[in-house]
Every structure is written in structure tokens, then in C-alpha cells.
Amino acid sequence: MEGGGGATLSEIYQNSKKLLLRTRDGLERLERLEFSSSNPVDSPELSLAVKKDISQIQSLCVEMDHLWRSIAAKSQRDLWRRKVEQVAEEADSLKESLDKYFLRHQKRMTEAKERAELLGRANGDSAHVLRIFDEEAQAMQSARNSSMMLEEAYSKGVAILTKYADQRDRLKGAHRKALDVLNTVGLSNSVLKLIERRNRVDKWIKYTGMVVSVVILYTFWRWAH
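Residues numbered from 1 in each chain as written. Predicted model: local features only at pLDDT ≥ 70, side-chain atom pairs only at ≥ 80, totals over all residues. Heavy atoms only, no water.

**Examining the overall build of the protein**
Counted only if it meets this: Comment: elements are numbered from the N terminus, with helices defined as DSSP H or I runs of at least four residues and strands as E runs of at least two. Burial classes follow relative accessibility: with a 1.4 Å probe on protein chains only, a residue under 20% of its type's maximum area counts as buried, one over 50% as exposed, and anything between as partly exposed. The contact criterion used is simple: two residues touch if any of their non-hydrogen atoms lie within 4.5 Å.
Scanning the protein for helices and strands turns up four helices and zero strands. Along its sequence from the N terminus, the protein presents helices and strands in the succession α-α-α-α. Taken over 225 residues, the protein has a buried fraction of 21%. Considering only residue pairs separated by 6 or more positions, the protein has 73% of its internal contacts joining residues 24 or more positions apart.

**Some points on the side chain of serine 43**
Tracing the backbone shows serine 43 in the loop between α1 (9-35) and α2 (44-68). Among the residues examined, serine 43 registers a relative accessible area of 17% and is labelled buried. Apart from residues no more than four positions distant in its own chain, serine 43 is found in contact with Leu30, Leu33 and Tyr101.

**Observations regarding the pattern of salt bridges**
The condition is simple: Salt bridges are counted wherever a side-chain nitrogen of Lys or Arg sits within 4 Å of a carboxyl oxygen of Asp or Glu.
Across all of its chains, the model carries 10 salt bridges by this definition. The closest approach of N and O atoms between arginine 24 and glutamate 90, which form a salt bridge, is 2.7 Å. With a gap of 66 residues between them, arginine 24 in helix α1 and glutamate 90 in helix α3 (residues 74-185) connect regions that are remote in the sequence. Arginine 24 sits in the partly exposed class, given a relative accessible area of 30%. For glutamate 34, the salt bridge is made with arginine 104, and the minimal N-O distance between the two is 2.6 Å. On the criterion of sequence distance, the pair formed by glutamate 34 in helix α1 and arginine 104 in helix α3 is long-range, its members being 70 residues apart. Since its relative accessible area comes to 3%, glutamate 34 is described here as buried.

**Observations regarding the packing of aromatic side chains**
Filter applied, for reference: Aromatic pairs are defined between Phe, Tyr and Trp rings, using the six-membered ring for Trp, whenever the two ring centres lie within 6.5 Å; interplanar angles under 30 degrees are classed as stacked, those over 60 as edge-to-face, and all others as tilted.
Summed over the entire model, instances satisfying the criterion amount to two aromatic pairs. Taking the centre distance of 5.6 Å and the plane angle of 85° together, the rings of tyrosine 13 and tryptophan 80 count as edge-to-face. Pair noted here: tyrosine 13 is in helix α1 and tryptophan 80 is in helix α3, with a separation of 67 residues, a long-range link. Here tyrosine 13 and tryptophan 80 have matching classes, each one buried.

**A closer look at the packing of α1 against α2**
For any two helices packed against each other, one specifies the inter-axial angle together with the distance between the axes. Stated precisely, the cut-off is as follows: The convention used is that axes are lines fitted to C-alpha atoms, helices contributing only their stretch in contact, and that angles between N-to-C directions extend from 0 to 180 degrees. Any angle that is under 35 degrees is reported as roughly parallel, and any over 145 degrees as roughly antiparallel; angles of 65 to 115 degrees are reported as roughly perpendicular and all others as oblique. By definition, any crossing whose near helix is turned counterclockwise from its far helix by less than a right angle is left-handed, and any crossing with a clockwise turn is right-handed. Residue classes follow a fixed rule: Ala, Val, Leu, Ile, Met, Phe, Trp, Tyr, Cys and Pro count as nonpolar, while Asp, Glu, Lys and Arg count as charged, and any other residue, Gly among them, counts as polar.
The interhelical angle for the contact between α1 and α2, taken along N-to-C directions, is 155°, at an axis separation of 9 Å. By the criterion of interaxial angle, the relationship of α1 to α2 is roughly antiparallel. The two elements α1 and α2 cross, and the hand of that crossing is left-handed. The class makeup of the residues in the contact of α1 with α2 is 15 nonpolar, six polar and four charged.

**Describing the nonpolar core**
Threshold: Put simply, buried Ala, Val, Leu, Ile, Met, Phe, Trp, Tyr and Cys residues joined by side-chain atoms within 4.5 Å make one nonpolar core.
Ranked by internal contacts, the top residues of the largest apolar core, which has 24 residues, are Leu9, Leu30, Ile57, Met64, Val87 and Leu98. Contributing elements (two or more residues each) for this core: α1, α2 and α3. The element best represented in this core is α2, accounting for nine residues.

Structure (C-alpha cells):
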């Protein structure tokens, strides 16, 4: 019996057996690459070649199925039927193994993609957290700088007020001494009143300066906060 290409049933069968051997070998190589290390290696060329061989075997099985049915002798017909069915079953088994390989490969690809996306989000979140920490650190540094400026301004204000207090004490002492001297030399009351009036003006100047200093310190404190 001859097929459509002129080959006999026996020749087609021999070709299918050779293809089965090559397909099993290719599939075993794929699985060795897959399980040989913790990082599976994929061979697209080899997997495509195995898939093509299985398709060719299945096509040969269809052709052989037509041929064995044309055999006249029942014993020969039953023999070839079993042989063709055996080849077809082996081809189906290899196809099932290859499909499982493709499913595992697809799962690995999906997991790798998900890990990459998760890592990308993690990096993005880490960058966001670091940015928040940087902003908080800058805010704390700014607050420390403002506090130092405020303390410095406060120290200067205290120094100014202390200086005014010292000047006030000195003025009081000078006033008393002047009164004693004037009383001693017997100057007129009008001169004394003039001096007292000048002393009051000096007091107003002093108090005004103190109020202005307090206002400046309070304004600076409000600005720093």
C-alpha cells in the first residue's frame, strides 16, 4: 500500500518511528534545561522543533490510518491498526508533555513579570518613603535653625535690656550726685526742674526703646514659627 506521496505504509511507519525518537530526545533535552538549575533555561528553537515533529507524526498517523484500512487481509489489517494506534498514542503523550512544558514556561514568565512589577512598585514606594524622610529631615533642620535664630535673638534682646537697666542705674546715680552738687552750690529751682524734665525725657526714650525691642523680638518670633 502506498500513500499520497508514493511511500508505502511500512516506509511511513518507519519515518514516524524516527520522528518519535527525535521528539522524545528533544523533549528530554527541554526538560533537562528546565530542571538543571534553579534558574530554568528556555530554548524556543528546540521547543518549536519538537512541536513541529509532533504535528508531522500526527499527520503521518492520519495517512497511515487511511492505508491500513485498505489492507485486504484481516490479520495484516489488525496488525497495522495496532501499530498505527501505538504511534498515535505515543504522539498524543508527547504532545501532552510538551503542552505541560509550555504551561510551566508560561507560569514562570507570568511569575517573573509579577515579581518585576512588584519590585518596581517596591522601589517606587521606597523612593517615596525616602522622599518623605528627606522632607521631614529638612523640616526638622529648618525648625532647629529657626530655634537657634530665635535663641540668638532672645539673647541679644536680653543683653540690650540688661544694658538699658545698667544705664538706668547709672543715670539714677548720676542724677542723685547732680542733685547733691546742685544743692551744695545752691543753684536755682528752675535749673533743677530743667534737669528733672530732661531726666523724664530720657526715661521716655529708654522705655520707648525697650518697647520697640520687645516688639521686634515678638515679630521675629512670629516670623520664625
